[in-house]
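Survey of secondary and tertiary structure
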Amino acid sequence: MSHQIIADLNTRYTAKKYDASKRISTEDMDVIKQAIRLSASSINSQPWKFLVIESDEAKQRFHNTFANMHQFNQPHATEASHIILFANKTHYSKDDYRRVVDAEVSSGHLPKEMYSNMLDGAFSFAESNTDSEGFNGNWTKAQTYIALGNTLHTLARLGIASTPMEGVDPDLISEVFKDELDGYECTVALAMGYHLEGEDYNHGLPKARLAMDDVVTVL
Ligand SMILES: Cc1cc2nc3c(=O)[nH]c(=O)nc-3n(C[C@H](O)[C@H](O)[C@H](O)COP(=O)(O)O)c2cc1C
């Protein structure tokens, strides 16, 4: 198949070594940030925060969060051009959702008369994913992975290399980025940039995916 989307997705890959001298342009970073913000989420909840790590100071802080585990990912903290921390709210509330419904009305997406219907009706879906302690972190985390997938695709189209990283330390990240996370949790991060020629063993390898018939069933 020769479609451009497939060509881009075949070319994107998980980078293992970054060229620390190469930076993603401001224009491309703007596209990435807009794309991430436009990600879809259940009931349009947007229960997330994205911390974009760009400065040397913030990179060093992220580097420090690898003190106890997953050191194989640590070099990306200072060598990648940017890192995004994907964070989700663990106790997403009706007040959080009210902000969304406000935006639905002010943007012209939802007629004002529908406000209460939307707030109560759609939020019942969040409630069905919330336990007796108000925890709905599994549901909100699933939403951040939609944003992650959307970002991976955007990067594929921009020709920018990336490394999704579940190999991070959520506890240390919570400590080190306490002020910015404001109670949200981060369990996955994305390093982005340009690979180091000759030293990135993953670069240029063929894709290793299960056969189409194993994963897609057309009925
Ligand atoms: C949610 C998620 C977490 C991942 N965590 C890591 C990680 O911590 N370190 C790493 O080097 N690769 C990580 N990967 C990369 C996967 O191993 C990689 O996507 C997979 O092998 C497919 O290869 P490709 O991305 O090159 O197509 C992760 C990928 C995803 C989607």
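Residues numbered from 1 in each chain as written. Predicted model: local features only at pLDDT ≥ 70, side-chain atom pairs only at ≥ 80, totals over all residues. Heavy atoms only, no water.

1. Quick look at the site of the ligand
Close to the ligand lie 14 residues; Arg12, Thr14, Lys16, Lys207 and Arg209 are nearest. Between the ligand and the protein, one listed contact pairs an oxygen atom with a side-chain N or O atom of Thr14 at 2.6 Å. Contact distances for the ligand include 3.0 Å between an oxygen atom and a backbone N or O atom of Gly167. When isolated, the ligand has an accessible area of 620 Å², and the protein chains bury 67% of it. No other element matches strand 3 (residues 161–165), which puts three residues into the shell around the ligand. When grouped by side-chain class, the residues that make up the shell around the ligand number five nonpolar, four polar and five charged. (Near = heavy atom within 4 Å. Polar contact = N/O pair within 3.5 Å; in protein donor to acceptor, adjacent residues only side chain to side chain. Areas by Shrake-Rupley, 256 points an atom, 1.4 Å probe, with all protein chains shown as cover. Helix = DSSP H or I, 4+ residues; strand = E, 2+ residues; numbered from the N terminus. Nonpolar A, V, L, I, M, F, W, Y, C, P; charged D, E, K, R; others polar.)

2. Regarding the sheet that holds strand 4 (residues 185–193)
Spatial ordering of the open sheet is given by 1-2-4-3, a layout of four strands whose pairing is antiparallel. Two strands in the sheet have a free side with no partner beyond their single neighbour: strand 1 (48–53) and strand 3. Looking at each pair of strands side by side, their axes are set apart by 20° on average, direction ignored. Pairing analysis gives five bridges linking strand 3 to strand 4, with the strands arranged antiparallel. Each residue of the ladder has a partner; that of Met165, found in strand 4, is Ala189. (Pairing = 2+ DSSP bridges. Axes fitted to C-alpha atoms, helices over the stretch in contact; angles between N-to-C directions.)

3. Considerations on the UniProt feature "domain: Nitroreductase" (unreviewed entry) in the protein chain
In the numbering adopted here, UniProt assigns the feature "domain: Nitroreductase" (unreviewed entry) to residues 11–194. Secondary structure over residues 11–194 splits into 47% helix and 15% strand, and the C-alpha atoms at its two ends are 13 Å apart. (UniProt positions renumbered as here; feature names shortened; annotations may be inferred.)

4. A short note on the nonpolar core
Ranked by internal contacts, the top residues of the largest apolar core, which has 23 residues, are Phe62, Ile83, Leu85, Ile173 and Phe177. The set of elements that each furnish at least two residues to this core consists of strand 1, helix 3 (56–64), strand 2 (82–88), strand 3 and strand 4. Not counting chain neighbours up to four residues away, the residues in contact with Ile83 comprise Leu51, Val52, Ile53, Lys59, Phe62, His76, Ala77, Met165, Ala189, Leu190 and Ala191. Counting residues in hydrophobic clusters, the runner-up holds 16 residues, among them Ile24, Met29, Ile32 and Leu155. (Core = buried A, V, L, I, M, F, W, Y, C linked by side-chain atoms within 4.5 Å. Buried < 20%, exposed > 50% of the residue type's maximum accessible area, 1.4 Å probe, protein only. Contact = heavy atoms within 4.5 Å.)

5. What to know about helix 3
Helical geometry: 3.6 residues make up each α-helical turn, so side chains three or four residues apart lie on a common side. When we look at burial in helix 3, the residues that qualify are Ala58, Lys59, Arg61 and Phe62. Down the axis of helix 3, the buried set is contained in an arc of 160°. They therefore lie on one face. (Arc of directions from axis to C-beta.)

6. Digging into the pattern of salt bridges
The final tally for this structure, using the stated rule, is eight salt bridges. Note that Glu180 and Arg61 form a salt bridge whose closest N and O atoms lie 3.0 Å from each other. Highlighted residues: Glu180 in helix 9 (residues 178–181) and Arg61 in helix 3, separated in sequence by 119 residues. Here the residues in one salt-bridge network are Glu57, Arg61 and Glu180, joined through shared partners. (Salt bridge = Lys/Arg side-chain N within 4 Å of Asp/Glu carboxyl O.)

7. Topic: a nonpolar patch on the surface
Where nonpolar side chains cluster on the molecular surface, the patch consists of Leu210, Met212, Val215, Val216 and Val218 and spans about 560 Å² of accessible area. Owing to a relative accessible area of 60%, Met212 belongs among the exposed residues under this scheme. (Patch = residues over 30% accessible without salt bridge, like charges linked within 9 Å, V, L, I, M, F, W, Y side chains within 5 Å.)

8. Observations concerning the layout of surface pockets
Volume-wise, the largest pocket comes out at about 380 Å³. Forming the boundary of the largest pocket are Ile6, Leu9, Asn10, Arg12, Lys207, Arg209, Leu210, Ala211, Met212, Val215 and Val216. Elements with a minimum of two residues in the lining of the largest pocket: helix 1 (4–11) and helix 10 (212–215). No other element matches helix 1, which puts three residues into the lining of the largest pocket. Of the residues that constitute the lining of the largest pocket, the class distribution is seven nonpolar, one polar and three charged. (1 Å grid on protein atoms, 1.4 Å probe; cavity = no way out; pocket = protein on both sides within 12 Å on 5 of 7 lines; lining within 4 Å. Points joined across faces, edges and corners; volume = space filled by probe spheres on them.)

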